[in-house]
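# Observations on the three-dimensional arrangement
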Amino acid sequence: MRTGIVYHDRYLAHEQYPSHPERRERLSYTMDQLEEEGIFEKEEFLLITPKPASISDILAVHEEDYLTFLERSSVVGGYIDADTNIPPGLYQNALLSAGGAVAAGDAVLDKKVRNAFAFCRPPGHHAGKRNGAGFCYLNNMAVLVQHVKKRGLKRVAIIDWDAHHGNGTQEIFYPDSTVLFFSVHQYPFYPGTGGINESGTGAGRGYTINMPVPAGTSDESYEYLFTEIIAPVIREFSPDCVTISAGQDAHFTDPLISLALTTKGYATLMHKACALADELCKGRLIAILEGGYSVCGGLPYTNLAILACMAGLDTSHCTDPQAYMSAFPDRYNPRSFDHVRGMTHDLKKILSSTWNNIR
Amino acid sequence: MTGNCLIGVDIGGTNTDIVIINDDIHTQKLPTVPSLDPILSGMKKTGRLAVSTSCLLNQFLIGKRKTVACITIPGPGLTADHAVCGAIGHRGDILKDINPTEVEDYIRTHPADSLAVTGKFSVRNPCLEEKVVAIARKYYTDSCIAPSHTLGYLNMPERIRTTKANAALKEEVAVLIRQVEKYHSHFYFVSGNAGLVSKTRACENPLSLFHSSPATAALGSYYQIRRNGLVIDIGGSTTDLVPIADGLPVNGPLLLSGKKTGMDAVVCESIPYGGDSRVSPVLMPEREGNARAFGGKNPALTDALNVTGIAAIGNTDFPGLSREAAETALQTYLECVCSRLKNSIQGPLIGAGYLAPYLVPLIAKESRRRYYIPEHASSSNAIGAAVSRISLSLHVHLDTGKEILLYNGIPQPFPHDTDDESIISIAKEELQRRAAREGASQEDCRQVITEQFSAFDVITYYSADARILDCVLQIPPGISSEAP
């Protein structure tokens, strides 16, 4: 089966203001890269055109008052926070973005594709039930999860590898034991949440797993976390579907963050995620674009590598251009791995009360 | 107009049609022979000559192909066969240079008749492809080397496919050009989208000539009766169905072995039966020379028409077919064509080709559709070639941050004014200048359409420090204002 690519030209339409980091340019180079690689003509891929999400799908996540606020503010423009204003027309663009996540989920559940990547904008993982934040308005991931659950899936795992903590997604599923939420993110950093002690509440205790990592963290730490935490917990959870909040801002060329993942590192993460999906839930995996601001640097290469992994293509040459690697030593912190191992040790103590695989 | 008339020549597998249009339409049909000399030597020397042919491409598809060596420069990302090192980024930066020794070793150890060179993002910076071509010149003549950047569009796999075909065909086109030039120094080819292309452009991108015969048959049909519909062009080996809408053959992606090439050509459904299709004892999708009516050995569909009394073409004395076999063959043909009509464009059927007056009425009756047979239906393809106008496309890429302006992958002097409107205006003028240089009339240059457009600002540290613009402009194909 093929890999779905959810895309709409209107995903380039959203712009808070021309110089905002979360701007259309983010996708322009990626689309150039995919076009030049001939991705859209390859039999391994299916291009899926999304529709706006239904209001009922949105209201399964967000409060009606908040949605009304977004709709009204979108007429003449509005304000949420210093990073997140509401440009005119935002409401329709946000619905289409969330609709991209839904379209990806439907394509997978309908077995039109094995897995899917929604290249939707604006992103969503900082948006909570009743608020937007951090460039996000509607929580695309949460809309997807509630949608696939409505369609019959019982348990969904979310791996949020965006460099920022997915605080909105965490808030929405915090008490929920049917949704397993992992977030690997730079800490301390925006939004300031995402410590290891934030682990869920009530029935959901132990189902929110935060893995804060220091600046300069690179491939070996992410692989370590996957092996030590993500894989064993997901196996025990046994989800019906694996989803990825795929923010590519942990790349070493990203101008907003100080992490040091490489394109190879991202490819490895997606390989591992796909392998887990194959092992546990018939390959059902849905990735949704979140952040990633190295628009003219690593972003097109990481996005391509992720897609290539999902489709089972040869990724041996999906690397960062050698010309970019001179920036890597300045970004990479060799001591970060020790820090991550220490954090993992502490995290395991917290998780061991919920997960037998973590002892 | 060059001279005082329009001349169209369509070189088919069986016949070559010649049309001269001044105030009237004069047609001539000659058997196609390996050399064009007998045809061209007797032709009028003045006037604008346009040549359409499917023979070159047919040879490429079914004949003995030239061997093509292929070099790719994929850089980071998905890899490609025959890769050498080197990389260009999406903004045209050289991320890694080629290794000349590696390239030369590859060329030396992979001898072939011709060479195709395709680099990733070469349409954003052709320099690595040009370096490879420079090395290859030690081993190949220019007419045997095809680079990909001049194609202008993004999509490396499609450019690889097209460039390989171009490498195989370039020399053939050059030979054809030399043959025609002996008698007519200035002439055009018809491309697969029914527009005229100069010899230089045909040589650069010979695959663009693919489908030129059906394209001209459709354009020539429209020129004669000015009606949209479905052209049924019945040739010796095939019957081609070509839809016409808004006065032009409908274009779609040009496929090679079922895969896209990045270029457009007329939408053409080809049915493997024509007037020379063998009947032995049933209608076969193959041709072995002419029908018996024209001196061939084997009975063919044309002979079936004679036996059934529908036509009396050529020599009707020795058809070599029983009436029953002829009727069965004819019925097979009609059923096959009519089954393809079910999903075709609505509107009348328009006959083209020598057998159109005999077969199209039967097809129309069977499929319950109206039909037209233009007065010169048997020469519609050559008429289409004669009346076609010069068509050109310009892929424009501007990056103000890198001070790059590319037309069809070739760097241009960086302009002073770089706002969107100025760039479109400059590119439009350049397109019209190029068309005029090729001989297009002022009227034919007037219409320029924007096929694609996208532009965005490059933001660095919260301010816009560059703008990137991509667009495709085209003088579309159509009937020349010089056609009476």
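The following paragraphs examine the structure supplied in this document. (Residues numbered from 1 in each chain as written. Chains lettered and ligands numbered in written order. Predicted model: local features only at pLDDT ≥ 70, side-chain atom pairs only at ≥ 80, totals over all residues. Heavy atoms only, no water.)

## Examining the pairing of strand β16 (residues 259–266) of chain B
Residue and element names in this part refer to chain B. For the record, the criterion: A pair of strands is treated as paired once DSSP finds two or more bridges between them. Helix and strand assignments follow DSSP, with helices taken as H or I runs no shorter than four residues and strands as E runs no shorter than two, numbered in order from the N terminus.
Note that strand β15 (residues 251–256) and β16 share 5 bridges and pair antiparallel. Residue L255 lies in a different strand from β16, and its bridge partner there is K260. The turn linking β15 back onto β16 is made up of 2 residues, and S257 within it adopts a positive phi angle of 50 degrees.

## Re the packing of helix α7 (residues 212–225) of chain B against helix α11 (residues 380–387) of chain B
Residues and elements named next belong to chain B. Here is the rule: Only the stretch in contact is used when a helix axis is fitted, and all axes are lines through C-alpha atoms; the angle between N-to-C directions ranges over 0 to 180 degrees. For this classification, under 35 degrees means roughly parallel, over 145 means roughly antiparallel, 65 to 115 means roughly perpendicular, and everything else is oblique. The contact criterion used throughout is that any non-hydrogen atoms of two residues lie within 4.5 Å. Three classes are used, and their members are as follows: Ala, Val, Leu, Ile, Met, Phe, Trp, Tyr, Cys and Pro are nonpolar, Asp, Glu, Lys and Arg are charged, and the others, Gly among them, are polar.
Put simply, α7 and α11 touch, their axes get as near as 6 Å, and they point 85 degrees apart. Relative to α11, the element α7 lies roughly perpendicular. On α11, the residues that touch S213, T216, A217, L219, G220, S221, Y223 and Q224 of α7 are S380, N381, I383, G384, A385 and V387. Of the residues belonging to the contact of α7 with α11, the class tally is 6 nonpolar, 8 polar and no charged.

## Regarding the interface of chain A and chain B
Where we set the bar: Buried area is understood as the total, over both parts, of accessible area removed when two parts are fitted together, assessed with a 1.4 Å probe. Within this document, salt bridges are pairs made up of a side-chain nitrogen of Lys or Arg and a carboxyl oxygen of Asp or Glu, the two lying within 4 Å of each other. Distance and chemistry together define a polar contact, namely a pair of N or O atoms within 3.5 Å, with one atom able to donate a hydrogen and the other to accept it when in protein, and with adjacent residues in sequence counting only for side-chain atoms on both sides.
With 32 residues of chain A at the interface, the matching set in chain B holds 28 residues. Surface buried jointly by chain A and chain B totals about 2,500 Å² across both partners, of which 59% is contributed by carbon and sulfur atoms. Scanning the region where chain A abuts chain B turns up 4 salt bridges. In this structure, the salt-bridge partner of E37 of chain A is K120 of chain B, at a minimum N-O distance of 2.7 Å. Inspection of the chain A/chain B interface yields 10 residue pairs in polar contact (both at pLDDT 80 or more).

## Focus on the sheet that holds strand β8 (residues 114–119) of chain B
All names here are of chain B. Ordered by their spatial adjacency, 3 strands build an open sheet running β5-β8-β9, and the pairing between neighbours is parallel. With one partner strand each, in any of the chains shown, β5 (68–73) and β9 (145–147) form the two edges of the open sheet. Between one strand axis and the next, the sheet turns through 15 degrees on average, direction left out of account. Sitting on the sheet, helix α5 (residues 156–181) is in contact with β5, β8 and β9, with an inclination near 160 degrees to β8.

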